[in-house]
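Spelled out, the chains give:
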Amino acid sequence: QVHFVESGGGLVQPGGSQRLSCVASGFTFSSYGMSWYRQAPGLERELVETVLSTGDTNYADSVKGRFTISRDNVDNTMYLQMHSLKPGDTAVYYCMWNALPKNWGQGTQVTVST
């Protein structure tokens with residue numbers, strides 16, 4: 001069964017950095033694109049970044065230049081390195097493969113605040 005476990009969230013001050021991790025299981029990780037999503041309170045879940053099986057990446061304009069997505073196909077792990085964090089980045093962050101079914105994990109909470 002496809003399964004995702006996110007970690008690395010927490011409280012960070014504006015301008016700070018955080019690195020999120022996602023461990024995936026239940027499928028051939030290296031064969032699929034992977035994405036990070038986030039959901040802020042009262043808002044719909046939004047796509048943040050994607051890394052394809054080729055290694056090519058796509059970023060939402062809101063995080064371009066601040067966030068970097070990467071993957072380790074040996075450890076079936078995806079990362080999101082976040083810099084210059086803003087209060088508007090506060091959300092629960094989820095990882096997901098670019099396929100079906102979409103079995104969402106618990107996510108990891110990132111709070112950017114003083």
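Just so it is clear, the structure is predicted and the values come from calculations on it, not from any experiment. (Residues numbered from 1 in each chain as written. Predicted model: local features only at pLDDT ≥ 70, side-chain atom pairs only at ≥ 80, totals over all residues. Heavy atoms only, no water.)

Turning our eyes to something else, we now look at the pattern of salt bridges. By the definition in use, this model includes four salt bridges. For R38, the salt bridge is made with D89, and the minimal N-O distance between the two is 2.9 Å. Residue R38 is found in strand β4 (residues 34–39), and its partner D89 is found in the loop between β8 (77–82) and β9 (91–97); the two are separated by 51 residues along the sequence. For the pair formed by R38 and D89, the shared burial category is buried. A salt bridge links R66 to D89; the nearest nitrogen and oxygen atoms lie 2.8 Å apart. Pair noted here: R66 is in the loop between β6 (57–59) and β7 (67–72) and D89 is in the loop between β8 and β9, with a separation of 23 residues, a long-range link. Residue class for R66 comes out buried when judged on its relative accessible area of 10%. (Salt bridge = Lys/Arg side-chain N within 4 Å of Asp/Glu carboxyl O. Helix = DSSP H or I, 4+ residues; strand = E, 2+ residues; numbered from the N terminus. Buried < 20%, exposed > 50% of the residue type's maximum accessible area, 1.4 Å probe, protein only.)

Now for the sheet that holds strand β10 (residues 108–112). Strand order in this open sheet of six strands is β2-β10-β9-β4-β5-β6, and the pairing throughout is mixed. Strands at the two margins of the open sheet, each flanked by one partner only, are β2 (10–12) and β6. The average undirected angle you get between the axes of adjacent strands in this sheet is 25 degrees. Alignment of strand β5 (residues 46–51) against β6, held across three bridges, turns out to be antiparallel. When the bridges of β6 are listed, E49 appears paired with Y59. (Pairing = 2+ DSSP bridges. Axes fitted to C-alpha atoms, helices over the stretch in contact; angles between N-to-C directions.)

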